[in-house]
Amino acid sequence: MENKNGGCDIPTLIKSQYDHLSRTHRRIGDYVLNHADAVCFQSLKQTAAAAGTTEATVLKFCGQLGFTGFLHFKRELQGYVKQRMSPNETFSASLHAARQEPEIRRRIIETEKQSLDLTYSAATPERLDAFVSALCRAGRVFVVGHHISELIARSLALKLQRVGMESCLVDINNYYDVERAVVFAREGDLFVLISFPTYSPKVRSLAEYLGSAGIAMACITDRYSSPIAAHASAVLVCNSDHELFYNSVTAAVSLASMVGAALALAEPERVEACQKRKDDFYRAYREGAARYRTEQDDML
């Protein structure tokens, strides 16, 4: 059962199954319904203790609702809660929970590692090849991000330039920058949109327009059912969970590097040709500047 933003609506799911739950499972469900913002930042042990039951019973509760485990359940609950809390509220809630957890540093490290594992499990060779193929076919690439995803967008745009692609970062907060990119987009150009919860309304609007206008688009987001994924011809998903912050960029930055590397491996001739042009320009530019500097000094 999904909400309008693509995440699983945990409270509605629990309520729909409530009559079929055991008394103990109902107690867990009641706890989740009343403390959803706390549960999504708790460990399995903490949730079991707070609900007055065992860890094994919580796992059975998650399984009865259709989840593969507590981590799967918590990840979906986090997605649901994030749609209803501001980043500041999320940070405050997670920080409060973290202060009660003596193993929080170890958990943060494990979450970051797990984020990478989940991301590359989803980035199958077929999906990565489809994304890279879309880039290879593109004449020019316009990369778009907002807020924290702008960091990933900037990183990806620079890596694409490094391997010989004509790419640029589009400032989603500058209407005229967006307008110029869209209006003057040529056949064969590609937009790469990067967005995570809470999905930027401007990025969502742009994705919708690109889809209706038939302009090619690929995306990097947190789930295949995210609002921008529906309009994309190629999608890569990466886990953005973090124990404290609203989103983690660890996996996304790594994925952007992987895309750049895969593109370089797919088209080595493009990379070599671009590097030769860069070297030729650098040499001529430096020599010319040195020559004119000498002429200028001689005139003084």
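Residues numbered from 1 in each chain as written. Predicted model: local features only at pLDDT ≥ 70, side-chain atom pairs only at ≥ 80, totals over all residues. Heavy atoms only, no water.

1. Side note on the environment of F142
Here F142 is to be found in strand β1 (residues 141-145). A residue is classified by how much of its surface remains accessible, and F142, at 8% relative accessible area, is buried. A C-alpha to C-alpha distance of 6.3 Å links F142 and V170, two positions 28 residues apart in sequence. Once residues lying within four places of it in the same chain are set aside, the contact partners of F142 are C168, V170, A181, D189, L190, F191 and V192. (Helix = DSSP H or I, 4+ residues; strand = E, 2+ residues; numbered from the N terminus. Buried < 20%, exposed > 50% of the residue type's maximum accessible area, 1.4 Å probe, protein only. Contact = heavy atoms within 4.5 Å.)

2. A word on unusual backbone geometry
Of note in the backbone geometry, H147 takes a positive phi value of approximately 60° without being a glycine. Position of H147 among the secondary structure elements: in the loop between β1 and α10 (148-162). On the basis of relative accessibility, which here comes to 64%, the residue H147 falls in the exposed class.

3. Let's talk about the pairing of strand β5 (residues 234-237)
Strand residues, when the strand is regular, have side chains that alternate between the two faces of the sheet. Residues A234 and L236 line one face of β5 and the alternating positions V235 and V237 line the opposite face, and both faces are buried. In terms of strand pairing, strand β4 (residues 217-221) meets β5 through four bridges, oriented parallel. Looking across to β5, one finds that T221 is bridged to V237. (Pairing = 2+ DSSP bridges.)

4. As for the pattern of salt bridges
Once the charged atoms of two side chains with opposite charge are near each other, the side chains can pair. Scanning all chains against the criterion turns up eight salt bridges. Between E267 and R270 there is a salt bridge; the shortest N-O distance is 2.5 Å. Across the pair K276 and D280 runs a salt bridge, and its minimum N-O distance is 2.9 Å. Placement of both K276 and D280 in helix α14 (residues 268-299) is noted, with a separation of four residues, approximately one turn of the helix. Taken together, the shared-partner salt bridges in this structure form one network comprising E76, D222 and R223. (Salt bridge = Lys/Arg side-chain N within 4 Å of Asp/Glu carboxyl O.)

5. Observations concerning the packing of aromatic side chains
All told, the structure shown has six aromatic pairs when counted by the stated rule. Summarising the aromatic geometry, the rings of F70 and F73 are spaced 6.3 Å apart at their centres and angled 35° between planes, so their arrangement reads as tilted. Of this pair, F70 and F73 are both found in helix α6 (residues 70-82), three residues apart, which corresponds to roughly one turn of the helix. The pair F70 / F73 is uniform in exposure class, with both members buried. The structure contains a cluster of three or more aromatic residues connected by ring pairs, namely F61, F67, F70 and F73. When the ring centre of Y224 is taken as reference, the NZ or CZ atom of R127 above it lies at 4.0 Å. (Phe/Tyr/Trp six-rings, centres within 6.5 Å; stacked < 30°, edge-to-face > 60°. Lys NZ or Arg CZ within 6 Å of the ring centre and 35° of its normal.)

6. Things to note about the confidence of the model for the protein chain
Chain-level statistics for the protein chain give a pLDDT mean of 85 and a share of 87% at 70 or above. Note on residues 1-6: pLDDT is under 50 here. Beyond four places in sequence and across chains, it has 22 contacts. (pLDDT = per-residue confidence, 0-100.)

7. Quick word on the sheet that holds strand β2 (residues 167-171)
If you trace the five strands from one edge of the open sheet to the other, you get β2-β1-β3-β4-β5, paired in parallel fashion. Each end of this open sheet is capped by a strand with a single partner; those strands are β2 and β5. Taking the axes of each pair of neighbouring strands and ignoring which way they run, one obtains an average angle of 20° across the sheet. Against the sheet, helix α12 (residues 201-213) touches β1, β3 (190-194) and β4, its axis set at about 150° to β3. (Axes fitted to C-alpha atoms, helices over the stretch in contact; angles between N-to-C directions.)

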